[in-house]
Amino acid sequence: MIVGCVLLACTLLVGASSGSRAGQPLKTSCRPGFSQNFYTVIVPRDVLHGQSILKDTTLSSERVKFEDCQRSREVGFVSSDPNFSVRADGSVYTEQEVANLSEPVQFMVTARGLHDPHIWETTVKLALAGHLHPPPLSKIGFEEMLSRVWESQPRVIKFSRRHQRASSANSLRRQKRDWVIPPINVPENSRGPFPHMLVRIRSDQDKDVGIRYSITGAGADQPPSGIYNIDPISGNMFVTQPLDREERASFHLRAHAVDMNGNQVENPIDLYIYVIDMNDNRPEFQNQVYNGSVPEGSKPGSSVMQVTATDSDDSTTANGMVRYRILSQTPHSPIPNMFTINSETGDIVTVAAGLDREKVSQYTIIVQATDMEGNLNFGLSNTATALISITDINDNPPELTVRTFAGEVPENKVNVVVTNLTVVDRDQPHSPNWNAVYRIVSGDPTGHFTIRTNPITNEGMLTVVKPVDFEMNRAFMLTVVVSNQAHLASGIQSSLQSTAGVTISVQDVNEPPVFPVSPKMIRFEEGVPAGTTLTVFAAQDPDHFIHQIVRYSKLSDPANWLKINRTNGQITTMALLDRESMYVKNNMYEATFLAYDNGSPQASGTGTLQIYLIDVNDNAPVLIPKEAQICERARPNSRINITASDADAEPNVGPFVFELPSFPASIRRNWTISRLSGDYAQLRLRIPYLEAGVYEIPVIVSDSGNPPLSNRSLIRIKVCPCDNNGDCSATGAVAAAGLGTGAIIAILICIIILLSMVLLFVVWMKRREKERQAKPLLIDPEDDVRDNILKYDEEGGGEEDQDYDLSQLQQPESLEHIINKPTGVRRVDERPVIAESQYPVRPSVPHPGDIGDFINDGLRAADNDPTAPPYDSLLVFDYEGSGSTAGSVSSLNSTSSGDQDYDYLNDWGPRFKKLADLYGGGEDD
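Basis of the calculations
- Residues numbered from 1 in each chain as written.
- Predicted model: local features only at pLDDT ≥ 70, side-chain atom pairs only at ≥ 80, totals over all residues.
- Heavy atoms only, no water.
- Salt bridge = Lys/Arg side-chain N within 4 Å of Asp/Glu carboxyl O.
- Buried < 20%, exposed > 50% of the residue type's maximum accessible area, 1.4 Å probe, protein only.
- Helix = DSSP H or I, 4+ residues; strand = E, 2+ residues; numbered from the N terminus.
- Pairing = 2+ DSSP bridges.
- Phe/Tyr/Trp six-rings, centres within 6.5 Å; stacked < 30°, edge-to-face > 60°.
- Lys NZ or Arg CZ within 6 Å of the ring centre and 35° of its normal.
- Polar contact = N/O pair within 3.5 Å; in protein donor to acceptor, adjacent residues only side chain to side chain.
- Axes fitted to C-alpha atoms, helices over the stretch in contact; angles between N-to-C directions.
- Core = buried A, V, L, I, M, F, W, Y, C linked by side-chain atoms within 4.5 Å.
- Contact = heavy atoms within 4.5 Å.

### Focus: the pattern of salt bridges
So, point 1. Taken as a whole, this structure holds 16 salt bridges when the rule is applied.
So, point 2. We note a salt bridge from R202 to D206, for which the minimum N-O separation is 3.2 Å.
So, point 3. Judged by its relative accessible area of 25%, D206 is partly exposed.
So, point 4. When the shortest N-O distance is used, the salt bridge between R254 and D270 registers 3.0 Å. You can see R254 sitting in strand β16 (residues 250–258) and its partner D270 sitting in strand β17 (residues 264–276), a full 16 residues away along the chain.
So, point 5. The exposure class of D270 is partly exposed, given its relative accessible area of 23%.
So, point 6. Taken together, the shared-partner salt bridges connect R202, D204 and D206 into one network.

In structure tokens form, the structure reads like this:
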């Protein structure tokens, strides 16, 4: 208990971090283990029963998190403190009743896989919510604090005799024991000297046998290795370097004792080393600049924003307890302290009224965060900037700039802007608090005008949406009210300047004449004669205050049936009105007329006249079809269907009457007709047999008009022999066509003559083709380039044939083969003794399309023929050498010793001008 008190005192003096940097989750791939190396669990006071905590009580909703990377491994937790343990879900609970938790408790938790040799460790610190904190660190010196921590360590740790004979296999299992080895506390950032002794490990058997001590675990023989070591003879345990609690907050080591032969003398004991925190980390803001906002006109206590700073030191001690305060406010309007901050939470709130966006739109607040519970003398501090924007509310009603607006508009115009209503609003531009909405409250009962808002300038555009008439209203007096899209803020009243009057003057313009009724419909029977007066289609001039003359003209008359009187608009006909005309649709004929005045500028209007034509019986019915065929022998199905049609309308159409004429008598003797219905009839043979041929049968058809109209129509009927199916045979069809034997013979003779002409033409073409193939080309054979390869004397290869021995150009040792050649022949290139190449033979019957192919084939053969000149051999030319038989050319030298005059070259004409310039320079050169 004394050791625990010393540990608690050191902890309160120095402090421990709530979460080390080593405890932050890794951002790499998933690795099994605890999420943090150090957990601080705050125990609420409602779990207390008096001052104690009952057994199996869950201490907090905070949990120790273990990540198994979804391997579903079975993991068990073992605590180094017999009073506390951790369940499988990570919750911390009491294994037995705890009498008091007024001071923080710290213990190690080990995770072991039931079927896995891996071991993971973490440290858990329990602190009761709201426990008191010790005085600041400044009250004692740093060196004194370190000395207290060092002196608080147990000087000697002995192996427990109870577990001396326990097997090594059971050493990994937590044993029930009557006392616990107190943890070893090591302050971080110690300046040494190192190595510094922590404790001495000894066995009671060191007097009987020689003992060798060793330690194992993370920090000793496992990474990070070398931090702790032990003297194997004396058992003194040392720390070799400064520690950083933010990197690792605790260590779990095991001490071993063996004899000189390596045999285990004592069971291993657990050593828990805790790194004591020091205030070596200043608070860090999550952001250097925070942005917040608050509406203007907000009441004191209105929340603005929150700033947050974190401290890596222990948040349960003064080292990690951060406090906030405001250092400055810019600007100082209306007072320097418009805001305050909650020292513990960092919430910034207003403390005074008077926020006005139109005066100050943004405040800049410098916030300071200090640890050690805000102690400015001993705590570490950091600052951040908070930008507070004052958001707009609709506390300024829109105001029109003048009390009365004026404008004018021409009559009969729409979408014309009469005038712009200007308004002033001090709220946030282009926001609902600023956007103006205009309404016409009086002076426009018929809705001639509307007001649209210009989204850029916020002006009201008074626009005409319904034409105004100067003759009806020469002026308008409107009352306009302006407001915002958003309602005014509570307590804000509308301004008197939000209402204004608008005077609108209507301008008189020359209006076009208007037809009172358009379209105007009249009814007339078709067939009225030309010159008939139909109606008077007159227009009226709306300009009552100006006397103007109206004139008329025809604008559209598809059938050209009508004319209009130029002065009074009287409509008369120029031709018969025909209901069956193509220009009449559904008994209606339409014409358009133009009325115009003599105003300036001239104005015109149009009107449409519709004439409904009443049908009269002026069209006789007609029959279809005009041609048909029937078998020469009467059969039940040998009949011809006839249909009657009439261009007139009811009641001047069917039912129709069909009859055969009485003359000639053979018509009724051979044929009979019967009506099937009002529009259809059947014509068939009356006699059993009628000779094949073509007959024209007249049929009289009458309509039902009053009086009725009749029509005599001829139907051309072909009577022919039929097959069993009742269809005309081919021979019968020819016979029915009325062709005699002579006509048939004549047709056959014409066919034979035509075939003979075709045959003769083919024979003539074949013969001509043979003659053309037998004839040579029209050009001279000597000029025919297709099979003439021109050969020229060649001396040898050109510039491209450079791959030869230049020594061959020297004087040869033997000239016999040259001397024996005939006089004048100096070339020594020889024709290869090989078979000549085969050149393509010109076809006997050349075709113009083959000439190009023939030339290309011959060219390729000549290029690849080694026997064709020039021969691909070495050319040897005459070489004078030292014994040349040629005479001396020294006589060409000039015998005169003086300069020769070449000026006479200038007299030889332009051909010698260049030579004269070269040699006639004289001294000028």
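Having seen it, we continue.
### Observations regarding the pairing of strand β48 (residues 680–685)
So, point 1. Here 4 bridges tie strand β45 (residues 640–645) to β48, and the two strands are oriented antiparallel to one another. Bridged to I642 within β48 is A681.
So, point 2. Pairing between strand β47 (residues 671–675) and β48: 5 bridges, direction antiparallel. If you follow S674 over to β48, its bridge partner there is Q682.
So, point 3. The hairpin turn running from β47 into β48, its antiparallel successor, is 4 residues long.

### Brief notes about the packing of aromatic side chains
So, point 1. The full count for this structure, using the stated rule, is 16 aromatic pairs.
So, point 2. Judged by centre distance (5.4 Å) and plane angle (80°), the rings of F34 and F66 are edge-to-face. One end of the pair, F34, is in strand β1 (residues 33–34); the other, F66, is in strand β4 (residues 66–67), with 32 residues separating them in the sequence. You'll find F34 and F66 in the same group, each marked buried.
So, point 3. Ring geometry for F339 and Y363: centres 5.3 Å apart, planes at 75°, overall edge-to-face. Of this pair, F339 sits in strand β23 (residues 339–341) while Y363 sits in strand β25 (residues 362–370), and the two are 24 residues apart along the sequence.
So, point 4. Owing to a relative accessible area of 5%, F339 belongs among the buried residues under this scheme.
So, point 5. The class for Y363 is buried, based on a relative accessible area of 1%.
So, point 6. An aromatic cluster is built from F34, F66, F77 and W120, whose rings are joined through pairwise contacts.
So, point 7. The residue whose ring lies beneath R87 is Y93, and the NZ or CZ to ring-centre distance is 4.3 Å.
So, point 8. Sitting over the face of the ring of F38, R245 holds its NZ or CZ atom 5.7 Å from the ring centroid.

### Points about the side chain of R254
So, point 1. According to the relative accessible area criterion, R254 is buried, its value standing at 15%.
So, point 2. Of the polar contacts made by the side chain of R254, one reaches the side chain of D270; its length is 3.0 Å.

### Regarding the sheet that holds β48
So, point 1. Taking strand neighbours across the sheet as the criterion, the 4 strands line up as β43-β45-β48-β47 in an open arrangement whose pairing is antiparallel. Both outer strands of the open sheet, β43 (622–624) and β47, are each paired with one neighbouring strand and no more. Mean inter-strand twist for the sheet, computed between neighbouring axes without regard to direction, equals 30°.

### Digging into the nonpolar core
So, point 1. Counting 28 residues, the largest nonpolar core has F34, F77, F84, V92, F107, V124 and L126 as the members making the most contacts within it.
So, point 2. The element that contributes the greatest number of residues to this core is strand β8 (residues 105–113), accounting for 5 residues.
So, point 3. Among all residues touching L126, those that are not within four sequence positions of it are V41, V43, L59, F84, V92, P104, V105 and F107.

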